[in-house]
Amino acid sequence: MAAGPMKMRATLGNGYTDLRVLMSHPMETGQRKDPDGKLVPMHFIQSVVVKVNGRTVVDGQISQGVSRNPVFSFRIKGGAKGDKIEVSWVDNQGESNKTEGAVA
Amino acid sequence: MNRIRRALVAALAAGLLRPLASLAAAWNKDAFGAKNAADALKSLGAANAVPSHDLVIEAPQIAENGAVVPIEITSSVRGTRSIMVLVDKNPFPLVGKFDFAEGALPFVKLNVKMGETSDVRVVAEAGGRYYVATREIKVTIGGCGG
Amino acid sequence: MIRRLVCLFLLGGFSCTAVLAQDTKKEIQRYQQMIAEGSPVELFELEGETLWKKPQGPSNLSLERCDLGLGPGMLKGAYARLPRYFKDADQVMDLESRLLHCMVTLQGRKREEATRRVFGNDDRPSEMELLSAYIAGRSRGAKISPGLSHPREKQAYELGRALFFHRAGAWDFSCASCHGEEGKRIRMQDLPVLYKPQHARPVVATWPAYRVSNSTFKTMQWRLNDCYRQMRMPEPAFASETTVALTLFLTATGRGEPYRGPGTKR
């Protein structure tokens, strides 16, 4: 299954930049059964990385305990209009996705 | 141009250009595989975390559905470098570990899965010491309707 | 904690229950607010936009010339003005019946093929669900204002109202059986009294919606279909006159409310 759409929004707040990221991912725990009764294998995002102007500012490790279609909010220190933000993820099956945007 | 391209391909093949995966912190198999909170905390080196009011958990007391439980964490413990999130009663309690470098505030909001009413345990690491806060969230399975 | 102690000393047992029930309601509202703030709904809107622009069918055309009431391809505020009467189809139509009409007339698709999979699942949303998310999202902030002046629209409204109160089926249920009286709930869900404007307004302002309990995007057609199933009545045909009439009755009852965009529900 190809990685679904990903979206980020970075807005200037009070001394920090609000960063919201939406990811499409099944985040399968490996404990769910499909309609045929077979266990759906584990398939979940393990790593989430946030970079500002090329520098990693958040390095996150997550598990299958995070909800399907994960949504994260982070806060970047300061930040100025036009700062480049990149958010990427890698899952346990080696699939990955990333999205880029600028602070608005 | 062709020579540069060939060199790049060779470098990739030789594994000299690291893919996205290895640039981030390695996934902590032991901690994420722990079946109870105590073991997970031990794996993370946080077994002696002390309670702190500077670690704030914003979350509803009742979650209509355990599939998506929103949790917002803010740490005002000075020098917080990492925030860990655990759901005590989940089959694998550790749900996330976020490392913050200079440039990000120690803050995260995420949606977690909860199998049943449970304590949510948040641990912050600052200057080699660990701090903890907990919050109970009740989980109901809602009835029919929009 | 202190609140409950006060309760025991000063108020009677009856009041205690009322205070705790109020707390529960507030906490559930807080849950609903927090999941709406961190919802993947926009991803469905994004995918819907891609689908809207995708050439399909024998005509190999996209839906971009589809007229939802404000002119071909004019989407801003269009969803908030549905259902309404459309002269070219000589019918009162809701969003999904109008989309189906465009799929058939613009793209040359057969109705059977276009309606083969109207309700999706968590792995794969249906076309109708993605398109509904996108188009509804384009009505954010617009006031809910379905058509009520054309004679056919008035007819559809009256039909919708009659259906709302009409008891039938194995359990002798009507919509009003659950949605017709104050203070009712099913397990933890408070049931809105949908023939009253103050209850209908927040409801029509948040459909279609992402459902967290099964990670799917649900449309109004699905909601009505599932209500009929729950009432143990035969499920209505997709985009049937019944479903459009009921949708018109509900949006008319909630009219004037600013549409909030696709919602997020448990």
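Think of each chain on its own: its residues are numbered from 1, step by step along the sequence as written. Whichever chain is written first is A, and whichever ligand is written first is 1; the rest continue in order. Local features in a predicted model are, by the rule used here, given only for residues with pLDDT of at least 70; side-chain atom pairs are given and counted only at 80 or more, and totals for whole chains, interfaces and linings are based on all residues.

Asks: Break down the overall build of chain C for me, citing the residues and quoting the values.
Replies: A run of H or I in DSSP counts as a helix once it spans at least four residues, and a run of E counts as a strand once it spans at least two, with each numbered from the N terminus. Helices and strands together make up the secondary structure of chain C, namely 11 helices and 7 strands. Against the globule reference of 18 Å for 266 residues, chain C gives a C-alpha radius of gyration of 20 Å, in line with a compact fold. Oriented by its inertia axes, the alpha-carbon framework of chain C measures out at about 75 × 40 × 35 Å. Note on method: radius of gyration uses C-alpha positions; expected globular size equals 2.2 Å times residues raised to 0.38.

Asks: Residues and numbers for the interface of chain A and chain B, please.
Replies: Residue pairs are scored as contacts if the distance between their C-beta atoms, which are placed from the backbone, is within 7 Å. Each partner contributes residues to the interface: chain A has 29 residues there, and chain B has 30 residues. Elements represented by at least two residues in the side of chain A that touches chain B include exactly strand E3 (45-52), strand E4 (55-62), strand E5 (71-77) and strand E6 (84-91) of chain A. The biggest single contributor to the side of chain A that touches chain B is E4(A), with 8 residues. In the scheme used here, Gly and all other residues not listed as nonpolar or charged are polar, with Ala, Val, Leu, Ile, Met, Phe, Trp, Tyr, Cys and Pro taken as nonpolar and Asp, Glu, Lys and Arg as charged. Grouping the constituent residues of the side of chain A that touches chain B by class yields 14 nonpolar, 11 polar and 4 charged.

Asks: Account for the packing of helix H9 (residues 197-204) of chain C against helix H11 (residues 241-253) of chain C, naming residues and giving values.
Replies: All names here are of chain C. Where helices are involved, their axes are fitted lines through C-alpha atoms of the stretch in contact, as for all axes, and angles between N-to-C directions lie from 0 to 180°. Running from N to C, H9 and H11 cross one another at 110°; their axes reach a closest spacing of 7 Å. Here H11 runs roughly perpendicular to H9, going by the angle between their axes. Contacts from Pro197, Ala200 and Val204 in H9 reach Leu250, Thr251 and Thr253 in H11. Looking at the contact of H9 with H11 residue by residue, the class counts come to 4 nonpolar, 2 polar and no charged. Orientation is classified from the angle alone, with under 35 degrees giving roughly parallel, over 145 giving roughly antiparallel, 65 to 115 giving roughly perpendicular, and any other angle giving oblique.

Asks: Could you give an account of the domain arrangement of chain C, naming the residues involved and the relevant values?
Replies: All names here are of chain C. Split into domains, chain C comes out as domain 1 (1-38) and domain 2 (39-265). In this document the domain limits rely on a domain assignment from an automatic tool or a database. Between the C-alpha centres of domain 1 and domain 2 the distance comes to 34 Å. Residue-level contacts link 4 residues of domain 1 with 5 residues of domain 2. Grouping the constituent residues of the side of domain 1 that touches domain 2 by class yields 3 nonpolar, 1 polar and no charged.

Asks: Hey, could you go over the interface of chain C and chain B for me, with residue numbers and the actual values?
Replies: With 22 residues of chain C at the contact, the number on the chain B side is 17 residues. For the side of chain C that touches chain B, the elements supplying multiple residues, two or more each, are helix H2 (13-37) and helix H10 (220-230) of chain C. Top contributing element to the side of chain C that touches chain B by residue count: H2(C), with 7 residues. Of the residues belonging to the side of chain C that touches chain B, the class tally is 11 nonpolar, 5 polar and 6 charged.

Asks: I'd like a rundown of the sheet that holds strand E1 (residues 6-12) of chain A, residues and numbers included.
Replies: With antiparallel pairing, 6 strands are arranged side by side in an open sheet as E1(A)-E2(A)-E5(A)-E7(B)-E4(B)-E2(B). Every interior strand has two partners, whereas the edge strands, E1 of chain A together with strand E2 (55-58) of chain B, have only one. Strand-to-strand twist of the sheet, defined as the mean angle between neighbouring strand axes without regard to direction, takes the value 15°. Examined bridge by bridge, E1(A) and strand E2 (residues 16-23) of chain A share 7 bridges and lie antiparallel to one another. Bridge assignment links Met6(A) to a residue of E2(A), and that residue is Met23(A). The pairing criterion is simple: DSSP has to find at least two bridges between the two strands.

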